[in-house]
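Listed below, chain by chain, are the residues.
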Amino acid sequence: MKKIKLFNLLSTSLVCSSLLMTAPVSAAEAHSGHLSPNSQMPIEKKESVVPNTTTSFVLTKNNQKQTVDDTVKYIESQGIKVKSVVPEIGWIETDRTNQHQEKKIKKDTHADVQTPDNQANNSYTPTAVPSRSYFNSPMNKYFWNRQWNMHMMTKNPDNYANDTQSHVKIGIIDSGITDEYRHRLGSRIRYAENFVPRGGFNYMDHDETGNPYDTNDRTGHGTSVTSLIAGTNEMVGVNSNATIDEYRVFSHKGCSSSWVLKALIKAVNNGDDVINLSLGRYGLLTGGYLNGRANNDMPEYQAWIRAVQYAKQHGSSVVVAAGNENINLNDPQAMTAYINKNNPQLHAVGQGVSLPASVPGIVQVAATGNQGERAEYSCYSKDSVYAPGGDSNRTGINNPNQAFIPTDWLLTYGGHGTQYNFGIGTSFAAPEVTGMIAHEISKNNLYGQSDAVITKLRQSLETNNHGLPCVILDKLINDDHAPATNDSSRHSSNSSSSSSSSSLSSRSSDNFAQQEQQEEQHDWWQQFQQQIAE
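A brief structural summary. Quick caveat: nothing in here was measured; it's all calculated off a predicted structure.

Definitions and cut-offs
Residues numbered from 1 in each chain as written. Predicted model: local features only at pLDDT ≥ 70, side-chain atom pairs only at ≥ 80, totals over all residues. Heavy atoms only, no water. Helix = DSSP H or I, 4+ residues; strand = E, 2+ residues; numbered from the N terminus. Buried < 20%, exposed > 50% of the residue type's maximum accessible area, 1.4 Å probe, protein only. Lys, Arg positive; Asp, Glu negative; His and termini not counted. Salt bridge = Lys/Arg side-chain N within 4 Å of Asp/Glu carboxyl O. Polar contact = N/O pair within 3.5 Å; in protein donor to acceptor, adjacent residues only side chain to side chain. Contact = heavy atoms within 4.5 Å. Pairing = 2+ DSSP bridges. Axes fitted to C-alpha atoms, helices over the stretch in contact; angles between N-to-C directions.

A few words now on the side chain of Asp 217. Turning to its location among the elements, Asp 217 is positioned in the loop between strand E8 (189–194) and helix H5 (221–230). Notably, Asp 217 is buried but unbridged: the nearest opposite-charge side chain belongs to Arg 248, and the N-O separation is 7.3 Å. Engagement of the side chain of Asp 217 in a polar contact is seen with the backbone nitrogen of Gly 222, the distance being 3.5 Å. For Asp 217, the contacting residues outside a window of four places in its chain are Ser 175, Gly 176, Ile 177, Thr 178, Gly 222 and Thr 223.

Here it is, written out as C-alpha cells:
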C-alpha cells in the first residue's frame, strides 16, 4: 500500500516513531483460547537478506470438515509439512511445494494451490505510514477542537458516548495495541491474541517468540486505529462504550494472509459484532506472474469469500479500508498496472484484485478530506462508503514543513507515553465507520444481523456536497435531534461538542465548549504553526 505520512504529537514535543509497515509476509501458526495481555517483549534488531517465500497455500474444494481433514492427511502423506489450518474455510498453509507436488495435490484432492514465487507482492500492509516532524505542545490539553473528523460525522457529539447500555463487541485485526494504551482502556479490552508465529516472517523477526499473549504493538498502527474508536481522556473516540477484542497479525517484517484469515475466523467465533481490517494487498484473479510458475491469487481470493460469508452467517460485519493508491477498484487493469509498477520483476499479467477490499459482502471504506472531497490518495469503487481520513493534496505532502496539519490530518493516539499523532489514510476512515456501525447495532438492536446492519448502513448514507456517500452517525442511529445536512457546516470545527473531562464515558457539550474557549486563549498552537513553517 502507498506510504502516507504521519506526524506524532507528544505532550512535550512532536516527534516521529519509525514504523515499518510495508514489509513482505509469509506463513504462520496461530493459537486459540481466551487470552490476557502480555508484557512487552524485548526487540533484538538484526539485518537480514529477505529470501523468497517459504510457504504454499492450499484451498480445499469445499469447506466441509471431512474434505478439509482428508486433504490435510493427503498433504502430510506426501511428506509435506502442514503449518496451519483454518478449517472453517478450508485454508491450509504448508511448507513450500514444488510443481510436481502441486500437480498431485490438485489431481488427487481437487484442491487449488497457490505458491508465491516472490514475496514482494504477497504482503498485507497497514494503510497509514508515518513521517517526521518536531514541535512543542502543552501538558493536559483537550484536543476536541483539532478533531475536525469527529465534528464532520455528527451534529450531536454526545452520540459518541451516550450509548452506555451497549453490549457491542468490536474486533480489531491489526498490529495490536501498546501495553500502555491497553492499561488505559482497562476492562474495555475483552480479549487479546497474537497470531504471529515464532520467528515471524521467514523467521526474520528475532523478537517474535510465538507467544499467543504477546499482543504488544510494535508499529503503532493498531494503537492509532483503536484510538479512533476508543479515544482517550484527552481525545474523543467514535465509540467509547463498546468492548474491544484485539488480534495481532503484524510483525516488524510483515503479515501473512494465513494470520489475517485465521484471526478473522477467530473474531467471528468470539462473537465480535463488527470487525475492522485496516490492511490489504493487491493480487491477480486471472493470468499469473510470468517470472515464476505463472500462478495467480485466485485461491486466496476464494478463501476471503468463504471467510466473509462465514462472518455474515454468524452475524459479524466486516469493515475494510479501501487503500491509499488512488486506484479505482472497479478497474482490474489499474491494479495489475500498480503491481507491475511497484514490482516490475513479477511481470504480472491478468486481472488485478484488492484483497480484501474487493471481496463481496464487506463494507469498503474510502477517505475524504476536511471539505468532504475524496482524499487524493484514497482508493475507491462504486461500492465505497466514505468517512474522514484526512487529505494530503493541500497540505504539501511532498514538503511536510508547509503542511497545515490540523486542517487536513487526523489526530490519533500513538500509545507511547502520552504521544499523539497527526496522520492520514483509509486506515483511519475504516475504524470510524466500524465505531459508528457498533452504535447502529446497539441503538437498533441489530445484534447478529449482519445483512440488516449493512442494509441500514447503505440506506442511511448521506450524499455530501462532493457527491460522495458518507456515513453519518446521526442518520445511522435515527437521532431526530441531529438533522442531516449536505452543506459544509457539518465540517466546521467550531461547533460546540462533547468531551472527556475525567472519563471516556462522561462528556458534556457545555464542558467541551468551555474547554475550547480556554484553549484558544493560549498561543501554544500558533507557536506550533510558526515552528512548523520554520
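Leaving glycine aside, a negative phi is the common case for residues, and trans is the common case for peptide bonds. Omega for the peptide link from Leu 355 to Pro 356 comes to 0°, which places this bond in the cis form. One can find Pro 356 in the loop between strand E15 (352–355) and strand E16 (363–368). Even without a glycine there, the phi angle at Asn 326 is positive, about 55°. By secondary structure assignment, the location of Asn 326 is in the loop between strand E13 (317–321) and helix H8 (332–342). In this structure, Asn 445 is a non-glycine residue whose phi angle is positive, near 50°. You can see Asn 445 is positioned in the loop between helix H10 (426–443) and helix H11 (450–459).

Turning next to the sheet that holds strand E11 (residues 279–284). Hydrogen bonding along the main chain pairs the strands of a sheet, whether they run parallel or antiparallel. Strand order in the open sheet formed by 3 strands is E6-E11-E15, and the pairing between neighbours is antiparallel. The sheet terminates laterally at strand E6 (125–126) and E15, the two strands that pair on one side only. As judged from the 2 bridges shared by E6 and E11, these two strands associate in the antiparallel manner. The residue of E11 that forms the bridge with Pro 126 is Leu 279. In the packing of helix H7 (residues 298–313) onto the sheet, the strands contacted are E11 and E15, and the crossing angle to E15 comes to about 45°.

Enumeration over the complete set of coordinates arrives at 20 salt bridges. Two residues, Arg 182 and Asp 179, come together in a salt bridge whose shortest N-O distance is 2.5 Å. With Arg 182 and Asp 179 both in helix H4 (residues 179–185) and 3 residues apart, the pair spans about one turn of that helix. Here Arg 182 and Asp 179 have matching classes, each one buried.

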